[in-house]
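Here is what each chain is made of, one letter per residue.
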Amino acid sequence: MTSNFNISKPPSLFQKITGQFKAIKPWFKKGNMEKYQFFWLAAIMAPALLIAVWIFNAHSDTSTFISDNGVWKIASNLVKGYGYSACDNYYFPFCGASNRVTAMREPIPVFLMALARLIYPSHDAGLLMQTLLYLGTVPAIFAILKKEDIRLALVASLLWVFSVPVFNEMGNDNGHLIAALFYTAGMFFFLRGIRGQKTADFLMAGGLMGLAALSRTVLMGTAVGIGLFLLGMQVIARNKKQLLNAVFFLGVIGGIMSPWMIRNRAMLGFPIFGSTLTGYNIFRMNYYLGNEPFQPHYAGSEEAHEAIAQLIANSDLTGTENEAQMQDFYAKAGLEIILQYPLRYVELSLYRFLILWFDVGVNKAYGTKMIIRDYIGLIEQIVLLLAALFGSFKRYKEYWPLIVSVILGCGAYMAVNAQLRYLVDFMPSIVILSALSIPHLNFAKRIMDWIEASPDR
């Protein structure tokens, strides 16, 4: 006598998860998401607005935009009729009432903040401007990947929204958010120009990348870098039209940058194309290369202040030097140390990768402790790094400008000074490359195929 038992195999984890979404999965079909793309974009903007409101409500006037070298300070002086000026003795010890002309911060963030302050003379206006920049980058990221795959475009946008270093920048006035917005918009036209070979796209890309460079100096290097890369490719391919487009792109960037250089030449005596803080950072972040034992670390402001004071005390400075002259003084002192210890400098620069991506040692240098938000950000950064590397490997042919710009930007920061917040400049590229890895992940592909196989509502 035999007995039959109906022993069913227990459902897998994938089946358990997907079983919960059968009723709503048609909404996630590619065709339906394209049809209702504005609804989906609004759905992503909703949590972005909530985060913005949270940041706005959490800020206080005693801790927001209080730096003497920040964008808000320079914008306030501009609005009050004091000109493009500021004085931070911590960086430039000889500044004062008769020596306040500055180039510490690039002009575009200052002009935008001045506009906000003209409308409403309160930190709230500046914070609102920062919020609009954070929100405005969402559709810019979405636009780059929209034709590739709307689902990936939405994922990339969502990664930007929930990036801890990104939304942390709403409460800071360092120019990262405006730089990221112009960089993303410029990259949209640059990628479109590569595909369509239209001169108008490269002219727009050059203009926007130029504005990005006038927001954060590092973006000038990355913009010129991708322009030269394109130029070299077209020389090899003997594509005269695209070669000219690359020249136009580079020419527009130079044209956009030139007024800032001319102003600095006239006011400070040097055609500085970026920030006068660069020389200070070259010395501050490398001054201890000759210390024994040598230990790579992030040099905090208090530690650096002692080194700066000793450097100035042993110098031939007259006490009348302006920012440009001090920038040159710091840079020469830093480069002298680097040339004495080149191998240690290479080691330190490589170590700064950890500082740039994960803020290693920064909290300790400033005497602060990590909070829950920092730990969440650390996990995010690990995931984004792995996903971006995988996405770059799979899609480098189509999206090489994103990859080249991130490599050049990271290299520039690692060579001079690095913090996690600096990565915000390139976060749009990082989240896009991360999203591009999704179709090449087996579990993600299974989910996408399962959704597409479902009947329409």
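Check the entry above for the structure.
Below you will find a few notes about this structure. Bear in mind the structure is a predicted one, so any value in this text is a computation, not a measurement.

### Some thoughts on the packing of aromatic side chains
- Under the counting rule described, the total for this entry stands at 23 aromatic pairs.
- Ring geometry for Tyr84 against Phe111: centres 6.2 Å apart, planes inclined by 80°, an arrangement best described as edge-to-face. Taken together, the residues Tyr84 in the loop between α4 (71-79) and α5 (107-119) and Phe111 in helix α5 connect sequence positions 27 residues apart.
- The class for Tyr84 is buried, based on a relative accessible area of 10%.

### What about the environment of Arg284?
- Looking at the element boundaries, Arg284 is found in helix α13 (residues 277-284).
- Classification of Arg284 by relative accessible area gives buried; the value is 3%.
- Separated by 255 residues in the primary sequence, Arg284 and Lys29 place their C-alpha atoms 53 Å from one another.
- Not counting residues within four places of it along the chain, the set of residues in contact with Arg284 comprises Tyr91, Tyr298, Ala299, Gly300, Ser301, Ala304 and Tyr366.

### Focus on helix α14 (residues 301-313)
- When the terminal C-alpha atoms of α14 are compared, their 18 Å separation across 13 residues agrees well with the 18 Å that a helix rising 1.5 Å per residue should span.
- Buried residues of α14: Ser301, Ala304, Ala307, Ile308, Leu311 and Ile312, and no others. An end-on view of α14 places all buried positions within 130° of arc, on one side of the element. For α14, the exposed residues lying more than 90 degrees away from the buried face are Glu302, Glu306, Gln310 and Ala313.
- Residues of α14 that are buried sit in contact with α13 and α15 (323-340).

### A few points about the nonpolar core
- In terms of nonpolar packing, the biggest core is built from 134 residues, with Tyr134, Trp160 and Tyr330 touching the most fellow members.
- Broken down by element, the residue count for this core peaks at 12 residues, all from helix α18 (residues 372-416).
- Other than its neighbours up to four places away in sequence, Tyr330 contacts Tyr91, Phe92, Pro93, Gly279, Tyr280, Phe283, Ile308, Leu311 and Ile312.

### Some details on the packing of α5 against helix α6 (residues 123-145)
- α6 packs onto α5 with a crossing angle of 130° between their chain directions and a minimal axis gap of 8 Å. One finds that α5 runs oblique with respect to α6. Where α5 crosses over α6, the two elements pack in a sense that is right-handed. When α5 is examined against α6, the residues Leu112, Met113 and Ala116 are found in contact with a partner set consisting of Ala125, Gly126, Met129 and Gln130.
- Partitioned by chemical class, the residues of the contact of α5 with α6 number 5 nonpolar, 2 polar and no charged.

### As for the pattern of salt bridges
- What the rule picks out here adds up to 7 salt bridges.
- Taking the shortest distance from any N to any O, the salt bridge between Arg151 and Asp149 comes out at 2.8 Å. The exposure classification of Arg151 matches that of Asp149, with both residues buried.
- One salt bridge connects Glu398 with Arg395, and the closest N-O pair in it is separated by 3.5 Å. Note that Glu398 and Arg395 are positioned in helix α18 at a spacing of 3 residues, about one turn of the helix.
- Look at Glu398 and you get partly exposed, because its relative accessible area is 39%.
- Given a relative accessible area of 13%, Arg395 falls into the buried group.
- Several salt bridges share partner residues, and in doing so they unite Glu148, Arg395 and Glu398 into one network.

### A short note on the side chain of Asn281
- Note that Asn281 resides in helix α13.
- With residues near it in sequence (within four places) discarded, Asn281 still touches Asn286, Val416 and Asn417.

### Here's the deal with the side chain of Arg105
- Mapped onto the fold, Arg105 is located in the loop between α4 and α5.
- No salt bridge is formed by the buried Arg105; the nearest opposite charge belongs to Glu106, separated by 5.5 Å.
- Not counting residues within four places of it along the chain, the set of residues in contact with Arg105 comprises Asn69, Gly70, Val71, Ile74, Tyr84, Val110, Asn174, Arg216, Trp260, Ser275 and Leu277.

### A few points about a positive patch on the surface
- On the surface, Lys146, Lys147, Arg195, Lys198 and Lys241 cluster together into a patch of positive charge.
- Relative to the assigned elements, Lys198 resides in the loop between α9 (176-196) and α10 (199-213).
- For Lys198, a relative accessible area of 52% gives the class exposed.

### A word on helix α12 (residues 240-268)
- Taking 1.5 Å per residue, 29 residues should reach 42 Å; α12 reaches 41 Å between its end C-alpha atoms and fits that length.
- Where α12 bends most, the angle comes to about 35°, and this point is Ser258, followed within four residues by the proline Pro259.
- In this structure, the buried side of α12 is in contact with α5, α9, α10, α11 (218-237) and α15.
- The residue sitting at the N-terminus of α12 and contributing the capping side-chain oxygen is Asn239; that oxygen lies 3.3 Å from the backbone nitrogen of Lys241.
- Phi for Gly269, located one or two positions after α12, is positive at around 90°.

Rules and cut-offs
- Counting from 1, residues in each chain are numbered in the order their sequence is written.
- Predicted model: local features are reported for residues with pLDDT of at least 70 only, side-chain atom pairs are reported and counted for 80 or more only, and whole-chain, interface and lining totals are derived from all residues.
- Just so you know, side-chain values use all the structure's heavy atoms and leave hydrogens and water out.
- Classification of ring pairs uses Phe, Tyr and Trp, with its six-membered ring standing for Trp, and accepts pairs whose centres are within 6.5 Å; under 30 degrees between planes counts as stacked, over 60 as edge-to-face, and the remaining range as tilted.
- Runs of E in the DSSP output that reach at least two residues are strands. Runs of H or I that reach at least four are helices, and both are numbered from the N terminus.
- Relative accessibility under 20% of the residue-type maximum defines a buried residue, over 50% an exposed one, and the middle range a partly exposed one, all with a 1.4 Å probe and only protein chains included.
- Two residues form a contact once any of their heavy atoms are found within 4.5 Å.
- In this analysis, the expected span of each helix is defined as 1.5 Å times one less than the number of residues it contains.
- Starting at the helix axis, one direction is taken to each C-beta atom, and the arc is that of these directions.
- Side-chain atoms within 4.5 Å are what join buried Ala, Val, Leu, Ile, Met, Phe, Trp, Tyr and Cys residues into a set we call a nonpolar core.
- To obtain each axis, a line is fitted to C-alpha atoms, and for helices this fit is confined to the stretch in contact; angles are then taken between N-to-C directions over 0 to 180 degrees.
- To sort the angles, those under 35 degrees are grouped as roughly parallel, those over 145 as roughly antiparallel, those from 65 to 115 as roughly perpendicular, and the leftovers as oblique.
- Here is the rule for handedness: rotate from the far helix to the near one, and if that takes an anticlockwise turn smaller than a right angle the crossing is left-handed, while a clockwise turn gives right-handed.
- Nonpolar residues are Ala, Val, Leu, Ile, Met, Phe, Trp, Tyr, Cys and Pro. Charged residues are Asp, Glu, Lys and Arg, and all others, Gly as well, are polar.
- The term salt bridge refers to a pairing of a side-chain nitrogen on Lys or Arg with a carboxyl oxygen on Asp or Glu at a separation within 4 Å.
- When charges are counted, Lys and Arg are positive and Asp and Glu negative, with His and the chain ends excluded.
- Residues forming no salt bridge and having over 30% relative accessible area are the ones grouped into patches, like charges within 9 Å of each other and nonpolar side chains (Val, Leu, Ile, Met, Phe, Trp, Tyr) within 5 Å.
- Surface accessibility in these figures is a Shrake-Rupley result with a 1.4 Å probe; residues are shielded only by whichever protein chains are displayed.
- Each charge is placed at NZ for Lys, CZ for Arg, CG for Asp and CD for Glu.
- To get the bend at any residue, fit one axis to the seven residues that end at it and another to the seven that begin at it, then take the angle between the two axes.
- In protein, a polar contact means a hydrogen-donor-capable atom and an acceptor-capable atom, both N or O and within 3.5 Å, with residues adjacent in sequence counting only if both atoms are side-chain atoms; elsewhere, any N or O pair within 3.5 Å suffices.

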